[in-house]
Amino acid sequence: MQYQNTLAFAQQLDIEDSLASFRDQYYIPNKNGKPYIYLCGNSLGLQPKTAFAAIEQELKDWAELGVEGHFNAKNPWMYYHHLLTDKVARLVGAKPSEVVIMNNLTANLHLMMVSFYRPTKTRFKIIMEGSAFPSDQYAMESQVRFHGFDPDDAIIELKPRDGEYTLNTEDIIAKINEHKNDLALVMMGGVNYYTGQAFNMKAITDAAHKAGAVAGFDLAHAAGNLQLQLHNWNVDFAVWCTYKYLNSGPGGTSGVFVNEQHGNNPGLPRFAGWWGHDEKERFKMKKGFKPMEGAAGWQLSNAQIFPMAIHKAALELFEQAGMEKLRMKSEKLTGFLEYLLKDVAGQNSTVNFTIITPSNPTERGCQLSIVVKNDGRKLFDHLQDNHILPDWREPDVIRMSPVPMYNSFKDVYKVGLAVKSYLNRETTTH
Ligand SMILES: *Cc1c(COP(=O)(O)O)cnc(C)c1O
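Residues numbered from 1 in each chain as written. Predicted model: local features only at pLDDT ≥ 70, side-chain atom pairs only at ≥ 80, totals over all residues. Heavy atoms only, no water.

Looking at this model, I keep getting lost on the overall build of the protein. Mind explaining?
Within the protein, the regular secondary structure consists of 14 helices and 15 strands. Over its C-alpha atoms the protein spans a radius of gyration of 23 Å, differing by no more than 12% from the 22 Å that the globule rule assigns to 430 residues. Seen through its C-alpha atoms, the protein measures out along the principal axes to roughly 75 × 60 × 30 Å. Relative to its 430 residues, the protein shows a buried fraction of 56%. Within the protein, counting contacts between residues at least 6 apart in sequence, those at least 24 apart form 70% of the total. Accessible surface for the protein amounts to roughly 18,800 Å². Of this, 51% is attributable to carbon and sulfur atoms. The centroid of the 44 positive side-chain charges in the protein is displaced by 2 Å from the centroid of its 47 negative side-chain charges. (Helix = DSSP H or I, 4+ residues; strand = E, 2+ residues; numbered from the N terminus. Rg over C-alpha atoms; globule rule 2.2 N^0.38 Å. Buried < 20%, exposed > 50% of the residue type's maximum accessible area, 1.4 Å probe, protein only. Contact = heavy atoms within 4.5 Å. Areas by Shrake-Rupley, 256 points an atom, 1.4 Å probe, with all protein chains shown as cover. Lys, Arg positive; Asp, Glu negative; His and termini not counted. Charge placed at Lys NZ, Arg CZ, Asp CG, Glu CD.)

Help me understand the domain arrangement of the protein, please; the structure alone is not making it clear to me.
A common way to report how large an interface is uses the accessible area buried once the components associate. Domain boundaries in the protein define domain 1 (7–35 + 323–429) and domain 2 (53–320). A C-alpha centroid distance of 30 Å is found between domain 1 and domain 2. Counting from both sides, the interface comprises 29 residues of domain 1 and, opposite them, 19 residues of domain 2. Between domain 1 and domain 2, a total of about 2,100 Å² is buried, with carbon and sulfur atoms accounting for 59% of that surface. Between the two partners, domain 1 and domain 2, sit 0 salt bridges. Between domain 1 and domain 2 we count 8 residue pairs in polar contact (both at pLDDT 80 or more) in total. Going through the elements one at a time, α12 (323–346), β12 (368–372) and β15 (397–400) are the ones with two or more residues in the side of domain 1 that touches domain 2. In terms of residue count, α12 provides more of the side of domain 1 that touches domain 2 than any other element does, 4 residues in total. For the side of domain 1 that touches domain 2, a count of residues per class yields 13 nonpolar, 7 polar and 9 charged. (Domains from an automatic or database assignment. Buried area = accessible area lost by both parts, 1.4 Å probe. Salt bridge = Lys/Arg side-chain N within 4 Å of Asp/Glu carboxyl O. Polar contact = N/O pair within 3.5 Å; in protein donor to acceptor, adjacent residues only side chain to side chain. Nonpolar A, V, L, I, M, F, W, Y, C, P; charged D, E, K, R; others polar.)

What am I meant to see in the sheet that holds β12 here?
Within a sheet, adjacent strands bond to each other through the backbone by hydrogen bonds, running parallel or antiparallel. With respect to topology, 4 strands assemble into an open sheet ordered β11-β12-β15-β14, the strand pairing being antiparallel. Looking at the sheet topology across the chains shown, the edges are occupied by β11 (353–355) and β14 (391–393). Across the sheet, the mean angle from the axis of one strand to that of its neighbour is 25°, orientation sign disregarded. In terms of strand pairing, β11 meets β12 through 3 bridges, oriented antiparallel. Across the sheet, the residue bridging to F353 is V372, located in β12. (Pairing = 2+ DSSP bridges. Axes fitted to C-alpha atoms, helices over the stretch in contact; angles between N-to-C directions.)

I tried to follow the environment of D17 on my own but got confused; where do I start?
Relative to the elements of secondary structure, D17 occurs in the loop between α1 (7–16) and β1 (30–31). Residue classification places D17 among the buried residues on the basis of a relative accessible area of 11%. C-alpha of D17 to C-alpha of K325: the two residues are 308 residues apart in sequence and 10.0 Å apart in space. Among all residues touching D17, those that are not within four sequence positions of it are K329 and F409.

What follows is the structure, given as structure tokens:
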């Protein structure tokens, strides 16, 4: 697409944007009544206006029905997670029986590791991204230790080539092949939280399987961002949180995918709880765990109605917008931001910033990560002063995520303007 650095061009794209009205379905944070240009959807997505009523409904049913709400609430709590299943399955490209909403991300990652990281003396290694999100690092280290192995020995971290910021698919696959005799698990993000790089999940899964290993993904930054095909890619398991691109509230609930070939294997070891037990006889309170078929068999506890109520409201907007259309807009929106940043930087030779996120749209989602040498924090502060909310990652990265659900092309245009005014200020003061 041929972009132009003008307000008229941005406004034209907004006029042509069939998803533009979805912005009105969200509360846009503001300072002194003036809305921010919100670029932190990768960290905490915005509140759907329908969330309030969704919570209110459950509070009202609880007030009026008490325990009877389990069966008589408008959305009976007993079966609440079923209300989410079809929507979630469509969102991540799974069969309904392959997904379940429960707990939080890191807890779910551990539950999946119980079933899918089953090291032997000879096959015990895990391949993961170097500098993965800390929770994933801690989860992997503690799992490895739990099985009596040394993390330094068992965890292989993928590192970019010298002078590069992101990983090459060939290098990932070569590393997997190299360990075909001792590899138990490949555990990657779908999109790296720091660089914004989207991985080729299908190629990685195929390589893991060829090497005799399991392929699992942390989709915290991929769910609601990329078009996923977890079933067709033959991924073994995946987990994600719902408070980032899925707009389901701080600390919100989490999603799990278990491929049906594992989900229907009751012999697979797992940490069990009563909500994973066969629904038909759950309340018979009998001894002897009999797992539900599919991902539902990993549930531990009765459904967390309030976070799930928000998630349900948030998912309804994804259903209306459609992930395919969101993704099409996202590629344009992020492409526009990339174009503007390069354009304003190109006009100014003193600037020292690099977009480290891959330029190829198939290798990224919404987010662009920008390394700003020397005084990145000053640029970040300048953006905030201009009513723009990106986020800052030590030591020198600004992450910006224009989100197709609620960001406009005009938002992105204004980011370009603010960066330009910062650069101009720098040249005049130096
Ligand atoms: C956001 C994020 C988490 C957070 O985990 P919680 O258990 O929800 O706190 C974990 N891993 C990755 C890759 C993330 O991006």
